[in-house]
Amino acid sequence: MLILFYSKTGNIRRFSNKLTKRGFVCKDILEHPKVEEDFVLITPTHGFGQIPDAVQLFLRNNLEHLVAVASSGNKVWGNDLFGKSGETIADVYNVPLLHKFQSQGFESDVDIFIERVLSLGKMD
Ligand SMILES: Cc1cc2nc3c(=O)[nH]c(=O)nc-3n(C[C@H](O)[C@H](O)[C@H](O)COP(=O)(O)O)c2cc1C
């Protein structure tokens, strides 16, 4: 499964690098504004629980291939806003929210994310 990410301050890029080392293909949405295959999106949360503008634009152009979402955030923003962008995308576009993690995530977050991506194929 292709992984697409947006990373403004580098945390998700670092998370994605860990996925790459585990054999996943991860691409930056800014370098791949239009894709033709199914993907899982990883997004940060910005500005009081908001979906970043770049992610919203990307989704408008690639919605038909969105399979699932995961989000990075920080719990200093409070439980209600933590990783909220992923929750919103899951709700609005009716896709599963695979995981929410803090900052660049721990190895345990990478494990959870991979396990859930791999289980997507078994959910049909
Ligand atoms: C201006 C700003 C607003 C943020 N707002 C939230 C928020 O509402 N909820 C949250 O969980 N994290 C919030 N964060 C934290 C980021 O989502 C978190 O640091 C994430 O790992 C950033 O990913 P990136 O470094 O790949 O861009 C915010 C960060 C910044 C800089």
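Criteria and thresholds
- Residues numbered from 1 in each chain as written.
- Predicted model: local features only at pLDDT ≥ 70, side-chain atom pairs only at ≥ 80, totals over all residues.
- Heavy atoms only, no water.
- Near = heavy atom within 4 Å.
- Polar contact = N/O pair within 3.5 Å; in protein donor to acceptor, adjacent residues only side chain to side chain.
- Areas by Shrake-Rupley, 256 points an atom, 1.4 Å probe, with all protein chains shown as cover.
- Helix = DSSP H or I, 4+ residues; strand = E, 2+ residues; numbered from the N terminus.
- Expected span 1.5 Å × (residues − 1).
- Buried < 20%, exposed > 50% of the residue type's maximum accessible area, 1.4 Å probe, protein only.
- Arc of directions from axis to C-beta.
- Contact = heavy atoms within 4.5 Å.
- Pairing = 2+ DSSP bridges.
- Axes fitted to C-alpha atoms, helices over the stretch in contact; angles between N-to-C directions.
- Phe/Tyr/Trp six-rings, centres within 6.5 Å; stacked < 30°, edge-to-face > 60°.
- Core = buried A, V, L, I, M, F, W, Y, C linked by side-chain atoms within 4.5 Å.

A. Representation of the site of the ligand in the model. Near the ligand there are 20 residues, and of these Ser-7, Thr-9, Thr-45, Gly-49 and Ser-72 occur at the shortest range. For the ligand, an oxygen atom lies 2.6 Å from a polar atom in the side chain of Ser-72. Protein contact buries 82% of the 640 Å² of open area that the ligand shows by itself. Looking at the shell around the ligand, the elements that each hand over two or more residues are helix H1 (11–21) and strand E4 (66–73).

B. Focus on helix H4 (residues 107–120). Here H4 contains 14 residues, and its C-alpha end-to-end distance of 20 Å stays within 8% of the 20 Å for a straight helix at 1.5 Å per residue. Those residues of H4 lying buried are Asp-109, Val-110, Phe-113, Ile-114, Val-117 and Leu-120. For H4, the angular spread of the buried residues around the axis is 130°, confining them to a single face. Exposed and facing more than 90 degrees away from the buried side of H4 are Glu-115 and Leu-118. Where the residues of H4 are buried, they touch strand E1 (2–5), H1, strand E3 (39–44), E4 and strand E5 (97–102).

C. Up close: the sheet that holds E5. Spatially, the five strands line up as an open sheet ordered E2-E1-E3-E4-E5, and their pairing is parallel. Bordering the open sheet on either side are strand E2 (26–28) and E5, each of which pairs with just one other strand. In this sheet, adjacent strand axes meet at a mean angle of 25° when their direction is disregarded. Of the strands in this sheet, E1, E3 and E4 are in contact with helix H2 (residues 53–62), which crosses E3 at around 165°. Relative to E5, H4 is tilted by about 170°, and along the sheet it contacts E1, E3, E4 and E5.

D. Structural context of the packing of aromatic side chains. Taken as a whole and assessed by the stated rule, the structure comprises four aromatic pairs. Taking the centre distance of 5.6 Å and the plane angle of 80° together, the rings of Phe-15 and Phe-113 count as edge-to-face. Linking Phe-15 in helix H1 with Phe-113 in helix H4, this pair joins segments that are 98 residues apart in sequence. Here the aromatic rings of Phe-39 and Phe-58 are separated by 5.5 Å at their centres, their planes lie at 65°, and the arrangement is edge-to-face. With a gap of 19 residues between them, Phe-39 in strand E3 and Phe-58 in helix H2 connect regions that are remote in the sequence. Of the residues examined, Phe-39 reaches a relative accessible area of 0% and is grouped as buried. Residue Phe-58 is classed as buried on the basis of its relative accessible area of 3%. Taken together through their ring pairs, the aromatic side chains of Phe-15, Phe-101 and Phe-113 make up a single cluster.

E. Quick peek at the nonpolar core. By size, the foremost hydrophobic cluster in this structure holds 18 residues, and its most contacted members are Ile-3, Leu-19, Val-40, Ile-42 and Phe-113. Sorting the residues of this core by element identifies E1, H1, E3, E4, E5 and H4 as the ones contributing at least two each. No other element matches H4, which puts five residues into this core. Ignoring any residue separated from it by four or fewer positions in sequence, one finds Ile-3 in contact with Leu-19, Phe-24, Val-25, Cys-26, Lys-27, Val-40, Ile-42 and Phe-113.

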